[in-house]
Amino acid sequence: MYTTMKTIDSAVSKNIFLMFFENEDGLSPVQNEINKKFSNVILDNVMKNFDRKFLSSMVFPISSGEKIIALGLGKKEEFTLDKLRETASKVSSLVKSDTIDTAAIELVDVEFDKKRLFATTSIGVNMGNYKFDKYKTKKQDLIKTLEIIINYNDILIQDGENISNIVNSSMDFTKDLVFESAEVMTPSKVAEIAKDMAEELNLEIKVYDREELKKMNFNAFLAVGQGSIQEPKFIHIVYKGKNPKKKIALIGKGITFDSGGLDIKPASSMLTMKTDMTGCATVLGVIRAIAQLKPDIELHCMSALCENMPSGSSYKVGDVLISKSKKTIEVDNTDAEGRLTLADVLTYADEINPDEVIDIATLTGAVIVALGNNITGIMGNNQEQIEEFKKSANETGEKVWQLPIYEDMQENLKSDIADMKNTGSRYAGSSVAGRFLQNFTKSKKWLHIDIAGTAYIDKPYKEFQKGATAVMLRSLINYLLKN
Ligand code: BES
Ligand code: MG
Ligand code: ZN
């Protein structure tokens with residue numbers, strides 16, 4: 001979907017979405033114009049018949065073929081960007097029945113930063129409008145162009161279109177990667193897509209294959225991938241702003257399919273495991289957006305891509321892996337593979353001397369037990385960074401909750417023969433996984449984001465649709481733009 005900024009006389013769509021507050025009887029400037037144009041439809045019809053409650057909607061057809069679709073926003077004094085985003089996400093479903101590919105929506109008339117109102121509206125509509133229909137013979141009608149109607153006085157919403165379209169297309173990009181089957185989205189395929197993207201955006205990229213990775217001692221990572229016929233790949237992409245104020249390493253878990261390995265998962269748990277590369281898809285989406293938004297930072301995105309499969313060549317429980325950091329790990333469970341791949345990447349990230357490190361991963365089932373499918377678990381070793389990230393997430397309407405990591409959790413990971421095991425007690429599983437990762441970073445500013453519960457959801461939640469959510473993509477972009 002493409003968003004464009006329009007005034008009332010330049011908008012062409014016949015689906016016109018207007019937003020109303022419960023306790024406001026006056027019309028916004030845009031509504032006033034439309035009211036005049038369509039012989040008092042708003043004053044005589046909408047204001048009289050529509051309850052204007054939050055999330056309610058009503059369609060008012062006009063004889064000339066246009067449709068006014070009224071959206072309720074509830075009480076004006078209770079307005080939030082979150083409510084706007086959720087309201088906007090309903091737009092697509094309200095025009096779907098027609099074969100109409102454009103919609104127009106007014107920029108809501110409230111005292112607020114116009115740029116944020118604009119982006120929030122566009123992003124909300126786009127979130128509701130996404131569909132992975134590549135494999136459907138019959139495609140659904142979706143909005144191709146969204147016109148956001150601004151007031152004449154709002155004409156200076158600089159970059160509004162630009163930011164919205166960049167963020168939206170990066171979200172769609174990430175979702176496309178996650179929805180695709182593991183049969184297609186192999187490590188090599190992801191690497192190829194990353195290369196194409198990097199080339200298009202003039203980013204440096206290096207893709208390492210098995211032989212190179214052996215020389216670089218990515219032994220924990222390579223162990224996870226050794227049961228698969230798919231060659232593992234490690235990708236490292238760099239964005240350099242004009243005057244970079246800091247260097248950030250952003251790492252995404254890239255398991256293109258997680259069968260569990262020899263500790264094979266039960267059928268029901270394996271069903272969604274093509275999504276175990278969501279961390280990678282997210283960091284690719286983030287750098288794709290950052291390369292276009294061009295903040296003054298240096299961003300290094302990294303992902304270790306492989307399949308976790310059972311076979312005659314698989315790694316086994318009891319194996320002792322000599323990780324890239326030289327620390328040794330006894331494999332306690334082959335299904336705790338993500339942390340093994342991340343361990344080596346965290347060590348690699350230290351080599352570039354980043355000011356901070358962030359990893360994002362579908363890491364533990366335990367985070368779903370703790371926080372469910374709509375709240376992302378975060379943890380780390382620097383409270384300041386955690387607070388900053390919380391703030392960024394809050395602004396984008398993405399829910400996060402901090403989980404603790406304590407030093408003594410290392411007890412859980414004790415091995416009789418190696419420096420540690422890759423799993424510990426089932427209890428506090430997400431924190432224990434976090435504690436495991438912490439062993440492999442030297443960074444004083446390391447944040448770990450566990451999206452196992454939120455990356456792929458089986459029922460819609462607010463503006464988040466069923467399936468791939470691209471969760472944390474906007475929080476990360478927002479965080480990187482601010483810091
Ligand atoms: N990829 C899974 C975590 C996961 C679970 C992601 C559910 C999305 C939805 C991860 O590799 C895994 O298997 N973790 C194990 C760890 C355990 C063996 C310590 C888990 O959480 O069960
Ligand atoms: Mg696993
Ligand atoms: Zn996994």
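The preceding data block contains the structure.
Below you will find a few notes about this structure. (Residues numbered from 1 in each chain as written. Chains lettered and ligands numbered in written order. Predicted model: local features only at pLDDT ≥ 70, side-chain atom pairs only at ≥ 80, totals over all residues. Heavy atoms only, no water.)

## So, the coordination of the magnesium ion (ligand 2)
Move 1: Bound to the magnesium ion (ligand 2) are the protein donor atoms Asp258 (OD), Asp335 (O), Asp335 (OD) and Glu337 (OE), situated 2.0 to 2.2 Å from the metal.
Move 2: Coordination at the magnesium ion (ligand 2) comes from six donor atoms whose angles at the metal span 72 to 168°, giving a geometry best classed as irregular.
Move 3: Counting residues between consecutive donors of the magnesium ion (ligand 2) along the chain gives the motif D-x76-D-x1-E.
Move 4: Between the two metals, the magnesium ion (ligand 2) and the zinc ion (ligand 3), the spacing is 3.2 Å, and Asp258 donates to both. Residue Asp258 is found in strand E10 (residues 254-258), and its partner Glu337 is found in the loop between strand E13 (328-330) and helix H12 (338-350); the two are separated by 79 residues along the sequence. (Donors = N, O, S within 2.8 Å, 3.2 Å for Na, K, Ca; no water. Tetrahedral: all angles 85-135°; square planar, octahedral: opposite > 155°, others 65-115°. Helix = DSSP H or I, 4+ residues; strand = E, 2+ residues; numbered from the N terminus.)

## Looking at the environment of Phe436
Move 1: With respect to the element layout, Phe436 can be found in helix H15 (residues 429-438).
Move 2: Along the chain, Phe436 and Ser269 lie 167 residues apart, while their C-alpha atoms are 23 Å from each other.
Move 3: If we ignore the near neighbours within four places in the chain, the residues touching Phe436 are Ile329, Arg339, Leu340, Ala343, Leu413, Met420, Lys421 and Asn422. (Contact = heavy atoms within 4.5 Å.)

## Overview of the packing of aromatic side chains
Move 1: Inspection of every chain in the model, using the stated rule, returns 15 aromatic pairs.
Move 2: Ring centres 5.8 Å apart and planes at 65° place the aromatic pair Phe179 and Tyr456 in the edge-to-face group. Here Tyr456 lies in strand E19 (residues 456-457) and Phe179 lies in helix H6 (residues 160-179), a separation of 277 residues in the sequence.
Move 3: Through successive ring pairs, a cluster of aromatic residues spans Tyr130, Phe132, Tyr135, Phe179 and Tyr456.
Move 4: Directly above the ring of Phe54 sits Lys83, whose terminal nitrogen or CZ lies 5.2 Å from the centroid.
Move 5: The residue whose ring lies beneath Arg426 is Tyr427, and the NZ or CZ to ring-centre distance is 5.7 Å. (Phe/Tyr/Trp six-rings, centres within 6.5 Å; stacked < 30°, edge-to-face > 60°. Lys NZ or Arg CZ within 6 Å of the ring centre and 35° of its normal.)

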